[in-house]
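Coordinates in review
Listed here are the chains, written in short residue letters.
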Amino acid sequence: MKYLFIIQGEGRGHLTQAMTMEKLLRSRGHEVVEMLVGKSESRKLPSFFLDGVNAPVTCFESINFVSAAADKRPDAVKSVLYNIAVSPKFIPSVSLIRSKIKESGADVILNFYELLGTIAHGLTGRRVPMACIGHQFLFLHEDMHIPEFGYEGHHALNLFSRAIAAGASKLLALSFRPMPDDGKIKVVPPLLRPEVLSYRQSPEFRDGDYILGYMLNAGFAEEVKAWHAKNPSVPLRFFWDNAAEVPVKVVDDTLSFYYLDDKEFLRQMAGCMAYASTAGFESICEAMYLGKPLMMVPSHIEQKCNAYDATRESAAIESDKFDLSVLLDFAEKGHFHRDEKFPDWALSAAEVIVNELETLA
């Protein structure tokens, strides 16, 4: 079978999921004919993705968050107003995707949470079946009860997810744990890459002496620096998506910031003592698979819901800022417990997800 991928390019999660999915499909004799990636002008596709896939990659301009002044959390109102104002420039993107769907000869479209892909799919008459994949679809599940207080934006998130799901034959909801299916929502394991899975058998898999971190928006760096100034003896290694900086910005002997390099990121995660992030689903799963104490600092409602889901077990905690003392207390005072069932669940992804996709032919 031939598959066409349409991918939301914000952050690293959907990109790494697509990389893994391509490998799984190729291992079963299928072909990914092309990957269409939505991105904003302010971000470039990381080299780990471009170098790590076999299919040709075509980029198009897509909907994007607008950060608040401090460059930390996206501003919902500004994001909506901005994307409405610039919506005419998305017309060529939809036209491009529509043409690619028609010309690709694909048997199945796999949509990694990209709204413009759904719109273009609808304009083709939906002659090719489409499956949508993402953790966000789990929030539509009848057994996922997101609290009302503190999560007021989740209704808008679910509305957005339903818009992406329009016309899909199947929704593959990536999940931290097994759950029963709910209609066309099929609960499936996370898509962890072979490189992640292999690290549990690597000599680099250990409990080191440093905290690893990842932040999508560089504004959080000031919180990290402030904590570091008070705790200079704790080694910190943080990855960020700040292309304006050098690949490695060494602040001093115990604090460094790295431009996102996925191989180096995974190597350092395997050897860290604890992990702090802005609650992207993919890196949460990587930390849980490697059994690392995890603190999440959500930067928007989607990540807030990710954190809620992850903290239903005792493998992770949530914080409203990068106060790494909270993470150290969690890791060192007996509050952290590894999720022993998660690795086996993650290892079942190849069989479960590809089997679901093969039913669409």
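Here, every reference points to the structure presented above.
These remarks concern the structure in this document. (Residues numbered from 1 in each chain as written. Predicted model: local features only at pLDDT ≥ 70, side-chain atom pairs only at ≥ 80, totals over all residues. Heavy atoms only, no water.)

Before going further, it helps to spend a moment on the pairing of strand 3 (residues 57–61). Taking every second residue as pointing to the same face, the buried face of strand 3 carries Thr58 and Phe60, while none of Val57, Cys59 and Glu61 on the other face is buried. In this sheet, strand 3 lies alongside strand 2 (residues 31–39) in parallel orientation, the contact comprising 5 bridges. Residue pairing across strands places Val37 opposite Cys59, the latter belonging to strand 3. (Buried < 20%, exposed > 50% of the residue type's maximum accessible area, 1.4 Å probe, protein only. Helix = DSSP H or I, 4+ residues; strand = E, 2+ residues; numbered from the N terminus. Pairing = 2+ DSSP bridges.)

Glancing now at the packing of helix 9 (residues 262–271) against helix 10 (residues 281–289). At their nearest, the axes of helix 9 and helix 10 sit 10 Å apart, and the two run at 40 degrees to each other. Put simply, helix 9 runs oblique to helix 10. The interaxial crossing formed by helix 9 with helix 10 has right-handed handedness. Between helix 9, through Phe265, Leu266 and Met269, and helix 10, the contact on the second element is made entirely by Ser283, Glu286 and Ala287. Its residues placed into classes, the contact of helix 9 with helix 10 shows 4 nonpolar, 1 polar and 1 charged. (Axes fitted to C-alpha atoms, helices over the stretch in contact; angles between N-to-C directions. Parallel < 35°, antiparallel > 145°, perpendicular 65-115°, else oblique. Left-handed = near helix turned anticlockwise from the far one by under 90°. Contact = heavy atoms within 4.5 Å. Nonpolar A, V, L, I, M, F, W, Y, C, P; charged D, E, K, R; others polar.)

Our next topic: helix 8 (residues 221–230). Residue pairs spaced three or four apart in an α-helix point in one direction, given the helix's 3.6 residues per turn. Listed as buried for helix 8 are Ala221, Glu223, Val224, Trp227 and His228. All buried residues of helix 8 project into a common sector of 160 degrees when viewed along the axis, lining one side. Seen from the buried face of helix 8, the exposed residues on the opposite side, beyond 90 degrees, are Glu222, Ala229 and Lys230. Turning to helix 8, the residues buried within the fold contact strand 8 (211–215), strand 9 (236–240), strand 10 (248–252), strand 11 (255–259) and helix 12 (324–332). (Arc of directions from axis to C-beta.)

Read these as geometric descriptors, not functional statements.
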